[in-house]
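Residue-level listing of the chains:
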Amino acid sequence: MTVYEFINQSAFYLATILVSVSCLIYTLAQRHTDRPQNTIFMMAGVSITLSAIFEMVSRYQMTHEVSGETQRIALQISVFMYFLLHAMLPMFFYYYTLFATKNFQRIQTVMHTLSLVPFIVAEILVLINPWVHLVWYIDGSMGYHRNAGIYLYYLLNTFYLVLGLRMLFFEWAAISVKKSRILVYSVTTGLVGILVQLFNTYAKTELFAEAIGFMGLMLALEYDEDRLDTATGVYNRSALLQDTKSYFENGRKFYAICVRIINMELLQRTLGASDNEEIFRMVADYLKSVHPRYMIYRATPTAFVLLNLRGNEGQVRFLSQMISWKMEEGWEFQGRSLPLHGVLLYAGVPDELHSSDDILLMCESPIPNAENGSILVGEDLRAILYRANLETALHRGLSEHNFRVYYQPVYTADGTHMYSAESLIRLNDPEFGELFPGEFIPAAERNGMIEQLGEYTLEEVCRFLESGVPEKLGIRYINVNLSVVQCMNPDFAVRVKRIVDRHAVLPSWINFEITETMAALDYVMLDATIKELKAEGFMFSMEGYGTGFSNLYSIFSLDFDMIKMDKRLLWDAEKSEDGMTILENSVRLVHELSHEVVVVGVETKEQFERARKLAVDWYQGNYFSRPLTRSELEKMI
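Predicted, not measured: the structure shown is a model, and the values here were computed from it.

The next subject is the overall build of the protein. Scanning the protein for helices and strands turns up 28 helices and 18 strands. Expected size for 637 residues packed as a compact globule is a radius of gyration near 26 Å; at 38 Å, the protein overshoots this value by more than 25%. For the protein, the spread of C-alpha atoms along the three principal axes comes to 125 × 65 × 45 Å. Counting over 637 residues, the protein shows a buried share of 51%. Put simply, of all contacts in the protein between residues at least 6 apart along the chain, 71% involve residues at least 24 apart.

Below is the structure:
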């Protein structure tokens, strides 16, 4: 047989070698060699290549004109090595999927041991075949023949193919639709090629089809540029979400370490945008020197996440301390000292972190009074996550209609009937339960949602007034609390009038309440807002008078209709004569300044009697009525 004829008959094997070697070269060139699955991938590529080489040698021996014992031995060795190497491929595929889907450590050692049994049996069949000829044999004329054992050999290897495919398509939520399509095509091609050669001994499709499947793995799973942060060479936010989602769904225990740069604004003012990326590349390079690259993610422009899948808190604590020392030690950049400051946070899954969103909250939540190199864990971290989760609950509350407006009646001086009511917004969240304004209003002011909540409350109040129920109950107006952020908005008055006009509500039916501390912030702007709305017929009152340091200037400089005493004035009046003196003088002063007085926090009959002796104008508290829903007020009619 000429060389040309040999090459012609070996075209499938040469193509197999070309495809598998090309995949190996590409993998090495892209430096995809640091993950366990990368090592297994290259081992599989080598196995395919060597199998093709030995198959070529076997074909050459079977078709060569020269015969003899040496040729027979060479043929036996070639076929033997082909089967020995080829039996490794399904096992490689299975373990590759275990690492690619992040399931390797989830499976117990006993199960790993049992999963090796089919591979060991298949290899034993190959090893004893020269004596028992169970799988194949070579006849006297150098002809190759298969025996019944070949079907057991393929059946054992099919075990790994089924397990691997199940792992890829049913236990890996992170796989994208595009990648799953590539895998379906590649796996289908490989299976068709294997089946064709299984039932047709003379077909040469098996190895080439496996090489196509091998290339499909590279394109779908090894080719992960779409998961990389190009500036730093570590994985990006999308990869973090994909991987951690798989971990959570599989019940994996692991630790997440968040490394956050906290003074980037200062660095941006002194360095250019290109230098900023160089700085983060420098930080990423340091992190890669102390932790595997494939477990490092750039979650935000200023935060990295390191995952520890062994669930060992001691290792996590030591690694965090190392990074903290580096932060305190300082950085060198372009020959000068760089004031790069960072903090670390770490927590365990599932004890402290319950979803991928919690990991992102570690990276994005505000950290008050953070010091360079500090490590936040335990209560400090829980407080940060609580605030962040609370802000998430606010967004959820608006989108899922979890907010409710309650109304607490305000009673007349003799305590016999309602005259007005204060609107109180509450959040009934599926995660936090019922939350009161004091718990979520500060969070709403921080994340810019306070205006949405304010408008939501005003809309609900206007709908209630529009229904006519308050009028039937004798309620002349409803008090609506204002936040400082709302009042400082130049468009506030316009927005208020737009909502009120839409519901055909009289402005005199609404009394805006402003806290004493807020009234002291900006008299000029606040006075202009009050005057503009009072000209339309709205009323205003100061709430919480007597909290902290009273600012009397705000009482006579701003045009309030009434003053609401802080409940602590009434409660302190029960405890001492000094407290009673302060309450008496406060009520007298407000009356002398021609303002009506509302006493808040009346919880008992004794408190009511004490306040009535002071001739206050209105009362509010649970002694008269707890806050009621709109439906509860409607039933009172």
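How large an interface is tends to be reported as the accessible area lost when its parts come together. The domain boundaries assigned to the protein delineate domain 1 (3–223), domain 2 (226–382) and domain 3 (389–564). Here the C-alpha centroids of domain 1 and domain 3 sit 72 Å apart.

Looking now at the pattern of salt bridges. Taken as a whole and assessed by the stated rule, the structure comprises 29 salt bridges. For Arg610, the salt bridge is made with Glu574, and the minimal N-O distance between the two is 3.8 Å. Of the two residues, Arg610 sits in helix H27 (residues 605–612) while Glu574 sits in helix H25 (residues 567–575), which places them 36 residues apart along the sequence. Among the residues examined, Arg610 registers a relative accessible area of 25% and is labelled partly exposed. Judged by relative accessible area, Glu574 falls into the partly exposed class, the value being 38%. Taken together, the shared-partner salt bridges in this structure form one network comprising Asp229, Glu277 and Arg298.

Formed by 55 residues in total, the largest nonpolar core has its most connected members in Ile510, Phe512 and Phe540. Setting aside residues no more than four positions away along its own chain, Phe540 makes contact with Leu482, Asn511, Phe512, Ile514, Ile530, Leu533, Lys534, Asp559, Phe560, Asp561 and Met562. In this structure, Ile40, Phe41, Tyr94 and Ala220 belong to the second largest nonpolar core, which totals 31 residues.

This paragraph deals with the pairing of strand S8 (residues 342–349). By the criterion of burial, S8 is predominantly enclosed, with eight of the eight residues buried. Burial along S8 is two-sided: the residues Gly342, Leu344, Tyr346 and Gly348 and Val343, Leu345, Ala347 and Val349 are all buried. As judged from the two bridges shared by S8 and strand S9 (residues 375–376), these two strands associate in the parallel manner. Paired with Leu345 across the bridge in S9 is Leu376. Running through helix H15 (residues 356–364), the crossover from S8 to the neighbouring parallel element S9 is left-handed.

Let us look at helix H11 (residues 237–249). The first and last C-alpha atoms of H11 sit 18 Å apart over 13 residues, in line with the 18 Å expected at 1.5 Å per residue. Among the residues of H11, those classed as buried are Ala239, Leu240, Asp243, Thr244, Ser246 and Tyr247. The buried residues of H11 all sit within an arc of 150 degrees when viewed along its axis, so they share a single face. Downstream of H11 by a residue or two, Gly251 has a phi angle that is positive, lying close to 70 degrees.

Assignment of secondary structure puts Met322 in helix H14 (residues 313–329). Once the C-alpha coordinates of Met322 and Gly373 are considered, the two residues, 51 residues apart in sequence, prove to be 9.9 Å apart. Excluding anything up to four places from it in sequence, Met322 contacts Tyr286 and Val290.

Quick look at H14 now. Helix length check: H14 (17 residues) gives 24 Å between terminal C-alpha atoms against 24 Å at 1.5 Å per residue, within 8%. Regarding H14, the residues found buried are Val316, Leu319, Ser320, Ile323, Ser324, Lys326 and Met327. Seen along its axis, H14 keeps its buried residues to an arc of 155 degrees; they face one direction. Away from the buried face of H14 by more than 90 degrees, exposed residues Phe318 and Glu329 are located. Capping of H14 at its N-terminal end is provided by Asn312; its side-chain oxygen lies 2.9 Å from the backbone amide nitrogen of Gly314. Backbone geometry just after H14 places Gly330 at a positive phi near 105 degrees.

A few words now on the packing of helix H4 (residues 69–86) against helix H5 (residues 88–100). Direction vectors running N to C along H4 and H5 enclose 15 degrees, while the axes themselves pass 5 Å from each other. Looking at the two axes, H4 sits roughly parallel to H5. On the side of H4, the interface is formed by Leu84, Leu85 and His86, while H5 contributes Met88, Leu89 and Pro90. A breakdown of the residues in the contact of H4 with H5 according to their chemical character gives five nonpolar, one polar and no charged.

Scanning the model with the defined rule gives zero disulfides in all. Note on Cys258: no disulfide assigned, nearest cysteine sulfur contributed by Cys363 at a separation of 3.5 Å. Given the relative accessible area of 1%, Cys258 is considered buried.

Under the counting rule described, the total for this entry stands at 29 aromatic pairs. Consider the rings of Tyr286 and Trp331, whose centres lie 5.7 Å apart with planes at 90 degrees: the pair is edge-to-face. Placement of Tyr286 in helix H13 (residues 273–290) and of Trp331 in strand S6 (residues 331–333) is noted, with a sequence separation of 45 residues between them. On the basis of relative accessibility, which here comes to 18%, the residue Tyr286 falls in the buried class. Take Trp331: its relative accessible area is 4%, and that puts it in the buried class. When the centroid spacing of 6.0 Å and the interplanar angle of 65 degrees are considered together, the rings of Phe492 and Phe512 count as edge-to-face. With Phe492 in helix H21 (residues 492–502) and Phe512 in strand S14 (residues 510–515), this pair connects stretches of sequence that are 20 residues apart. Exposure remark for Phe492: the relative accessible area of 7% places this residue in the buried category.

Before going further, it helps to spend a moment on the pairing of strand S4 (residues 296–300). In summary, the side chains of a regular strand alternate between the two faces of the sheet. Among the five residues that make up S4, five are buried, leaving the element largely enclosed by the rest of the structure. Here four bridges tie S4 to strand S5 (residues 303–308), and the two strands are oriented antiparallel to one another. Residue pairing for S5: Tyr297 is matched across the bridge by Val305. The turn joining S4 and S5, which pair antiparallel and follow one another in sequence, is formed by two residues.

Rules behind the numbers
Residues numbered from 1 in each chain as written. Predicted model: local features only at pLDDT ≥ 70, side-chain atom pairs only at ≥ 80, totals over all residues. Heavy atoms only, no water. Helix = DSSP H or I, 4+ residues; strand = E, 2+ residues; numbered from the N terminus. Rg over C-alpha atoms; globule rule 2.2 N^0.38 Å. Buried < 20%, exposed > 50% of the residue type's maximum accessible area, 1.4 Å probe, protein only. Contact = heavy atoms within 4.5 Å. Domains from an automatic or database assignment. Salt bridge = Lys/Arg side-chain N within 4 Å of Asp/Glu carboxyl O. Core = buried A, V, L, I, M, F, W, Y, C linked by side-chain atoms within 4.5 Å. Pairing = 2+ DSSP bridges. Right-handed = clockwise from strand over helix to strand, strands pointing away. Expected span 1.5 Å × (residues − 1). Arc of directions from axis to C-beta. Polar contact = N/O pair within 3.5 Å; in protein donor to acceptor, adjacent residues only side chain to side chain. Axes fitted to C-alpha atoms, helices over the stretch in contact; angles between N-to-C directions. Parallel < 35°, antiparallel > 145°, perpendicular 65-115°, else oblique. Nonpolar A, V, L, I, M, F, W, Y, C, P; charged D, E, K, R; others polar. Disulfide = S-S within 2.5 Å. Phe/Tyr/Trp six-rings, centres within 6.5 Å; stacked < 30°, edge-to-face > 60°.

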